[in-house]
Amino acid sequence: MGRRPPLPLFSISLLGVEDAVREGIAQTLAWLTPLELSEDETNTVQLVLAEALNNVVEHALAGTGGQTTVEIRGHHGASGLDLCIVDKGIAMPDGVVPRLPAPDVTVDVADLPDGGFGWFLIHTLAQDVTYVRRGKHNYLTLRLAVAL
Amino acid sequence: MELTSSTERGVPIVTVQEQRIDAAAALAFKDRVRDVTEGGQDTVLLDLNHVVFIDSSGLGAIVASMKILSPKRRLVLAGLTPAVDKVFRLTRMDSVFGVFATVEAALNELQE
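Conventions we followed
- Residues numbered from 1 in each chain as written.
- Chains lettered and ligands numbered in written order.
- Predicted model: local features only at pLDDT ≥ 70, side-chain atom pairs only at ≥ 80, totals over all residues.
- Heavy atoms only, no water.
- Helix = DSSP H or I, 4+ residues; strand = E, 2+ residues; numbered from the N terminus.
- Rg over C-alpha atoms; globule rule 2.2 N^0.38 Å.
- Buried < 20%, exposed > 50% of the residue type's maximum accessible area, 1.4 Å probe, protein only.
- Contact = heavy atoms within 4.5 Å.
- Lys, Arg positive; Asp, Glu negative; His and termini not counted.
- Charge placed at Lys NZ, Arg CZ, Asp CG, Glu CD.
- Pairing = 2+ DSSP bridges.
- Axes fitted to C-alpha atoms, helices over the stretch in contact; angles between N-to-C directions.

Enquirer: Looking at this structure, how should I read the overall build of chain A?
Expert: Per the secondary structure count, chain A includes three helices and five strands. The C-alpha atoms of chain A give 16 Å as radius of gyration, which agrees with the globular expectation for 148 residues (15 Å, within 12%). Across the 148 residues that make up chain A, the buried fraction comes to 46%. Considering only contacts within chain A whose residues lie at least 6 apart along the sequence, 64% involve residues at least 24 apart. Within chain A, one finds 10 positive and 18 negative side-chain charges whose respective centroids are separated by 14 Å.

Enquirer: Teacher, can you tell me more about the sheet that holds strand 1 (residues 10-15) of chain A here?
Expert: Paired through their backbone hydrogen bonds, the strands of a sheet run either parallel or antiparallel. Residue and element names in this part refer to chain A. Strand order in the open sheet formed by five strands is 1-2-3-5-4, and the pairing between neighbours is antiparallel. Each end of this open sheet is capped by a strand with a single partner; those strands are strand 1 and strand 4 (127-134). Sheet twist, expressed as the mean angle between neighbouring strand axes with direction ignored, is 15°. Bridge count for strand 3 (residues 80-87) against strand 5 (residues 137-144) is seven bridges, and the pairing is antiparallel. Residue pairing across strands places D87 opposite N138, the latter belonging to strand 5.

Enquirer: What is the right way to read the environment of B:F29 from this model?
Expert: With respect to the secondary-structure elements, B:F29 resides in helix 1 (residues 23-37). A sequence separation of ten residues divides B:F29 from B:Q19, and the C-alpha atoms of the two residues are 12 Å apart.

Enquirer: Whenever I open this one, unusual backbone geometry confuses me. Can you help?
Expert: Working note: non-glycine residues mostly have negative phi, and peptide bonds are mostly trans. Put simply, B:S70 and B:P71 share a cis peptide bond, and its omega is 5°. By the secondary structure assignment, B:P71 is in the loop between helix 2 (56-69) and strand 6 (75-78). A positive phi angle, close to 50°, is found at A:E36, a residue other than glycine. Within the secondary structure, A:E36 sits in the loop between helix 1 (21-31) and helix 2 (39-60). One non-glycine residue, A:A147, lies in positive phi territory at about 55°. Using a relative accessible area of 4% as the deciding quantity, one classes A:A147 as buried.

Enquirer: Would you take a moment to explain the sheet that holds strand 4 (residues 44-47) of chain B for this structure?
Expert: Residue and element names in this part refer to chain B. Across the sheet, five strands lie side by side as 1-2-4-6-7; this open sheet has mixed pairing. Of all strands in the sheet, those bounded by a partner on one side alone are strand 1 (3-8) and strand 7 (98-100). Neighbour-to-neighbour, the strand axes of this sheet turn through a mean angle of 25°, independent of strand direction. Pairing of strand 4 with strand 6 involves four bridges; the strand directions are parallel. When the bridges of strand 6 are listed, L45 appears paired with V76. Relative to strand 6, helix 2 is tilted by about 145°, and along the sheet it contacts strand 4 and strand 6.

Here's what the structure looks like:
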């Protein structure tokens, strides 16, 4: 295998609204082009970013109406793709990353969960998921084992 | 959110004509499925072969659509692309829906 050229650090800003998430993901994938990710790896990056960004715009930035931005920072190294998502919204409840089991699907149709899978998917697909609040900023960092 | 509906061999089929069912599309998806299936009696086949990405909000919208149809009607799925299939498997929702590789396979099963 030939060695890949190192991927430069990147930083992408998007408006903190639901409709901007797609564009933020697309811009991130464009940055990652040199990594030549497989289809499955690309989907992992998309899915984890979608869940993390949706959480930010739906919770941390709820009600701000796009008055603030979200930043995606990334770096690829020997252990994979490190991503950091930064926002100026309200802090995570309890100050920690929610770590809940997958919702139970062995129930009657009427009782099936139609939400609550976001953090489960993030924890399933990513490693070292951590959250810190510094000043007025939220930092969610995680690592994806892609392009190793 | 563009959906088309048709009937093949007596089975109502809803085909999603979009590449993504994500948070931005989830609500419109649920409303459109409700609109195009309203008033019917039968199991609905949801053809997802054009969809290359769903997130947990999209998954939730598909589950919500099934709940709207129940208890009288079922929602079965066909044409899951690898990325869509992965979300269903990771969340074990593949065990909740009838999932078929193709529309043809689903029609064969539903007619028996």
